[in-house]
Amino acid sequence: MPDLHGVIEGLVRRPFFWRADAPLPILVITGEADHASEVAKQLAAPFEDSLPHASVRSGEHDTLGDLVSALAGEQGQLGKPVGGSFLPAPRFPLVQFVLWARRQRAERPAADASETSFNRWPPDPQSRKGQEEFKERLKVWRRGRYGGDRGRRTAVDFIGRAAYTWVPLGTLAAWWFGGPSDLVGLLPWVLGVLVATLGTGVQSLLSIRGSLFNRWFRQQPYLPRKRFERLPRYALRLANASEADIDRLLVHAMCQDLHQAYKKWPIPWPSWGRGLYGLLVLEARKPGEANERFLRILEETTEETGLLAPVLVLAAMPQALTAERPPTPPLELGRLPKAVDGWRETVRRRVPRLRLVVDAAGTPPGDDYRLRLYPSVARAIGYWSVVALLLVGPAVWLIRNQQDIDAHCGGLPWVERIGAECIGIVNATGPAPEGLFGGPVTKLVKQIDQNNTVARNSGAYVSVVLFGEFSIKNPSPEDPRFAGALSELTAMEEYQRAVTSTPRLQILIANSGEDFGQGRRDAELISGLGEQDPHVVGVVGFPRSVEGVEQGIGVLHAAKIPMVGTTATADRFGYVQDGSIHVSGGNRLPGYPSPYYFHVGPTNFREATLAARFARHDLLSGVASPSAVIIRDGSPGDEYTNNLADDFTAALSAEHIRLHDPVYYSVQGGGITKATQDACRSNADLYFYAGRAPEFLDFLRAVEGESCGPEKVKVLASDDVIKVVADHGGQIQDLKRVEVYYSALASRELWRTGPTPTGFILGLLQGRLSKASEDNLILTYDAVSVFYQAASTAYRSGALPSKGDILYELARISGSSAWNGSSGVIDFADTERHDPVDKVIAIMKVADSKSGSSVPKVRCGRLRVEERSEVNPLCKDLPDAPARTPRPNGGAPETARPTGTAPETAPETARSGERAVDSAG
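The shown structure was predicted, so the numbers you read here are calculated from the model rather than taken from an experiment. (Residues numbered from 1 in each chain as written. Predicted model: local features only at pLDDT ≥ 70, side-chain atom pairs only at ≥ 80, totals over all residues. Heavy atoms only, no water.)

### Digging into the overall build of the chain
No. 1: Counting its regular elements, the chain contains 26 helices and 24 strands.
No. 2: Burial statistics for the chain: of 921 residues in total, 54% are counted as buried.
No. 3: Of the contacts formed within the chain by residues at least 6 apart in sequence, a portion of 75% connects residues at least 24 apart.
No. 4: For the chain, the computed accessible surface area is about 40800 Å², with 54% contributed by carbon and sulfur atoms. (Helix = DSSP H or I, 4+ residues; strand = E, 2+ residues; numbered from the N terminus. Buried < 20%, exposed > 50% of the residue type's maximum accessible area, 1.4 Å probe, protein only. Contact = heavy atoms within 4.5 Å. Areas by Shrake-Rupley, 256 points an atom, 1.4 Å probe, with all protein chains shown as cover.)

### Structural notes on the pattern of salt bridges
No. 1: Per the counting criterion, the structure on display carries 39 salt bridges.
No. 2: Between Asp720 and Arg692 there is a salt bridge, and its shortest N-O distance comes to 3.0 Å. Linking Asp720 in the loop between strand E19 (713-717) and helix H22 (722-734) with Arg692 in the loop between strand E18 (686-690) and helix H21 (696-705), this pair joins segments that are 28 residues apart in sequence.
No. 3: With a relative accessible area of 17%, Asp720 lands in the buried category.
No. 4: The residue Glu866 makes a salt bridge to Arg864 at a minimum N-O spacing of 2.7 Å.
No. 5: Taking the relative accessible area as the measure of exposure, Glu866 reaches 55% and is therefore exposed.
No. 6: In this structure, a network of salt bridges that share partners links the residues Glu469, Arg481, Glu514, Asp515 and Arg544. (Salt bridge = Lys/Arg side-chain N within 4 Å of Asp/Glu carboxyl O.)

### Quick look at the environment of Arg57
No. 1: With respect to the element layout, Arg57 can be found in the loop between strand E2 (53-56) and helix H3 (64-72).
No. 2: With a relative accessible area of 59%, Arg57 lands in the exposed category.
No. 3: The sequence separation of Arg57 and Val281 amounts to 224 residues, and the corresponding C-alpha distance is 8.3 Å.

### Some remarks on the packing of aromatic side chains
No. 1: Applying the stated criterion across every chain yields a total of 24 aromatic pairs.
No. 2: Look at Trp100 and Phe134: their rings are 6.1 Å apart centre to centre, the planes differ by 70 degrees, and that puts the pair in the edge-to-face class. With Trp100 in helix H4 (residues 93-103) and Phe134 in helix H5 (residues 128-143), this residue pair connects regions lying 34 residues apart in the sequence.
No. 3: On the basis of relative accessibility, which here comes to 0%, the residue Phe134 falls in the buried class. (Phe/Tyr/Trp six-rings, centres within 6.5 Å; stacked < 30°, edge-to-face > 60°.)

### Comments concerning the sheet that holds strand E11 (residues 563-565)
No. 1: The strand order E6-E7-E9-E8-E10-E11-E14 describes an open sheet built from seven strands, whose pairing is mixed. The open sheet terminates on both sides in strands that have one partner only, identified here as strand E6 (415-418) and strand E14 (597-599). Between one strand axis and the next, the sheet turns by 25 degrees as a mean value, whatever way the strands run.
No. 2: Note that strand E7 (residues 421-425) and strand E9 (residues 504-511) share two bridges and pair antiparallel. (Pairing = 2+ DSSP bridges. Axes fitted to C-alpha atoms, helices over the stretch in contact; angles between N-to-C directions.)

### Some words on helix H11 (residues 290-305)
No. 1: Across its 16 residues, H11 extends 22 Å between first and last C-alpha, which sits within 8% of the 22 Å expected from 1.5 Å per residue.
No. 2: For H11, the set of buried residues is Ala290, Asn291, Glu292, Phe294, Leu295, Ile297, Leu298, Glu299, Glu300, Thr301 and Thr302.
No. 3: Following H11 by one or two positions, Gly306 adopts a phi angle in the positive range, close to 80 degrees. (Expected span 1.5 Å × (residues − 1).)

### What about the nonpolar core?
No. 1: Ranked by size, the top nonpolar core spans 150 residues in total, and within it Tyr687, Phe688 and Phe696 carry the most contacts.
No. 2: Counting residues per element, this core draws most heavily on helix H24 (residues 774-794), at 11 residues.
No. 3: Discounting chain neighbours no more than four positions away, the residues touching Tyr687 are Val629, Ile631, Ala679, Cys680, Ser682, Cys708, Val713, Lys714, Val715 and Leu716.
No. 4: Core analysis: the next-biggest nonpolar cluster, separate from the first, contains 58 residues, Leu250, Leu258, Leu282 and Leu354 among them. (Core = buried A, V, L, I, M, F, W, Y, C linked by side-chain atoms within 4.5 Å.)

### Some details on the sheet that holds strand E4 (residues 311-316)
No. 1: Taken together, the five strands give an open sheet; going across it, the order is E2-E3-E4-E1-E5, and neighbouring strands pair in parallel fashion. Strand pairing shows two members of the sheet lacking a second neighbour, E2 and strand E5 (355-359), which therefore form its edges. The sheet shows a mean angle of 15 degrees between the axes of neighbouring strands, taken without regard to direction.
No. 2: As paired elements, strand E1 (residues 26-30) and E4 share four bridges and run parallel to each other. Across the sheet, Ile26 pairs through a bridge with Val313, a residue of E4.

### Quick look at the environment of Ala799
No. 1: In this structure, Ala799 sits in the loop between H24 and helix H25 (803-811).
No. 2: Judged by relative accessible area, which is 40%, Ala799 ranks as partly exposed.
No. 3: Separated by 296 residues in sequence, Ala799 and Pro503 place their C-alpha atoms 9.9 Å apart.

### A short note on the side chain of Thr301
No. 1: Looking at the element boundaries, Thr301 is found in helix H11.
No. 2: When neighbours within four sequence positions are excluded, Thr301 is seen to be in contact with Tyr222, Arg248, Val251, His252 and Gly306.

### Focus on unusual backbone geometry
No. 1: Look at the link from Trp121 to Pro122: it is a cis peptide, with omega at -5 degrees.
No. 2: On the secondary structure map, Pro122 appears in the loop between H4 and H5.
No. 3: The residue after Thr502, namely Pro503, is reached through a cis peptide bond having omega 5 degrees.
No. 4: In this fold, Pro503 is placed in the loop between helix H15 (480-498) and E9.
No. 5: In this model, Phe542 sits at a positive phi of 55 degrees, which is unusual for a non-glycine residue.
No. 6: Within the secondary structure, Phe542 is located in the loop between strand E10 (536-541) and helix H17 (547-558).
No. 7: The class for Phe542 is buried, based on a relative accessible area of 0%.
No. 8: Positive phi, normally seen in glycine, also occurs at Lys560, with a value near 60 degrees.
No. 9: Tracing the chain through its elements places Lys560 in the loop between H17 and E11.

### Things to note about the state of the cysteines
Where two cysteines share a covalent bond between their sulfur atoms, that bond is called a disulfide.
No. 1: Scanning the entire structure with this criterion turns up three disulfides.
No. 2: The disulfide bridge from Cys409 ends at Cys422, spanning 2.0 Å between sulfur atoms. Around the S-S axis, the bridge from Cys409 to Cys422 shows a dihedral of about -105 degrees and counts as left-handed. Of this pair, Cys409 sits in the loop between helix H13 (374-407) and E6 while Cys422 sits in strand E7; the two residues are 13 residues apart in sequence, bridging distant segments of the chain. For the pair shown, Cys409 and Cys422 are each scored as buried.
No. 3: Between the sulfur atoms of Cys860 and its disulfide mate Cys875 the distance is 1.9 Å. One disulfide, between Cys860 and Cys875, carries an S-S torsion of -80 degrees and so falls in the left-handed class. With Cys860 in strand E24 (residues 854-860) and Cys875 in the loop between E24 and helix H26 (906-920), this residue pair connects regions lying 15 residues apart in the sequence. (Disulfide = S-S within 2.5 Å.)

Below you can see the structure in the form of structure tokens.
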């Protein structure tokens, strides 16, 4: 026997989600009345509990309105929950509104003498009193439409349907208004919550009231709602309409409600998850009864409107009722245009013949068939998975996005949060957010960002990255690190603002964290940005000789990015390691100079040599056998102080100054007072301070209070203390037993009796930026100047210079092409190490005045190219750097290069730059 139940299952099973819904037939089973009914019942039996289902016997309802109410009314069979479907049952708001309007015909108000009395009922649709009456009745009906738990379930269902549409849209609004990379502001979140709340509330209210669907009444042909017609007045018209018109409207409205239940909405809706169509079993035994009229009107309205109901109808009726409708009679010739238009509309709808008549003869099928529910259940689960994703997904996305924002300090793409610090390029893609750093730093960064906007808008610009430390925790105004950072930013902004030619200059701020603790990671981020942004031509900064800066230089060297250092003076700064190369005995070579690293400041070796000469031939000239003690910072990872102390030791020994055992202290461990006591026990003739600036003033006060000698104690300090001396010069002068000298890498005071200063120095001599850390300020100004001049020289006809072009131009700043800077002559004549030649270095003394200003006691190096070399014997053959170690590929070490000795290989420098261009790619 044929698999009849399999055929029915094939009809009620909905196709895959991406395929359109197919038309469903009216399957008419004819034959002996009882037998046909039994066949229809048994065909539907296996499916009754698994899909929306209704069964109506012949004569069970007197009118078609009663039949539709039994099917789709507020307690209709097609609207009852379906167990195991995991979805709400179809709802019929359109049908139920029409049924409510028709019920008002039988609910005439009680007659009295008041103004509420009506002469006729239902009232005339034009009657204002009737419209007001229906308005109040509509309000009451809406409020009490669903009673008890069912009403609450309905409300929750509609609110949920709205929520998983508007919660994602609210999240999208927050993302849109806040920008894809910055959701740290409060306003985007407020807007997102507002969109989600208002959208959910409005859609839920319209769904619960039925207003979301009522607009359909204006689009259908049977008793259409007029434009701008209020709903109570339309209900009043329905109450006055004829039974024939209402019957057609009811059947058509039921088809529309079913269509909405299975429609593929653009927003998430339970229709997405419905895997089985509805099933309606009707028995009709005589013409004109409610069931037979329903089937006939269903066919007629479907043919006239093209709206196919997603429900399979099994109709049991005798042969006499299955006859086709009579043919359409001929029309008058004058109605031909209208007839043609109607014919074309029918062709457009392409409605198939709905009736499929079969004879019920034979043995009825059994009812032991098992419907395969897995596909429909899987579809429902898939729908709820989408719903869960839309509800939970935005929350998860927001959490992950917030984590990403937190990890990237507000969503900045080239910044990472490490601990409490924002590491990386804070203004790589736009102005840096406020609140990342302290107030003064934020102000300067904002000014730089304003200049950056002008540069980017010009279309022709190059970007230089400032590698520094800007997130110092709880900095005091006297913290030399903080003062240095401010001075570096000030110098960059000063020079950037002065650039008005093409290309313009963009300054990118790269934060390496306190004490450059994240220098390596900062350099990695800079390298990544340099690979993606061709405007990035190099990096300046590296102000302190500490481990993090050294690691950063190694990363940038590997990325072949040109670098210009400022105040980092350790002798071997700019050297990179090659762990694959070893010498005899298994010891690794100490590294080789990076060809990508240049520095404008003098080295520790040059500073220590001049300091030792000045000590022996000036401060201790009358001492037959002078002695000295070095106070050095033993903090791990600080290459500057250790290297400078070693250079002091070598230089003092060369000047035949006897050295006492060095005295150690550490910044973290304190101990400067104890170190001073230990140093004073030596009764040395000179105290060399090779430590950092924060402890210098306490060191001097401790010397003042200790018994360090019968006369004034001479202290010679490193260049790191320049800011402390500038801020506390008056206090230092108040110390009666201490005479303080210090090394200066750059100072405005050197230009007062020297050659004509640069414009920048002239402004400083006139009192500008008097509180700045002068060496950081002036050397950073020179570093960015050198970089921009190289970029400007390499810039040709709108073509951005490559990093190799910049490297070539930097290497050419040598010999006859040396450059006049604000810190003196800049000459990178060394072909490999790029040490500055004959760089200005001075020994300063705090002046004998309450102002605390310092005066130079000796200055070596040229301030301008045309200036004659110093005749001071202390400057004769003053080395630029210590002897060079062998390169990994062999070669003898070189001796220290003396002052003023321009290398004979100066022309070779340019050729070396050409090779560097090739290697940089």
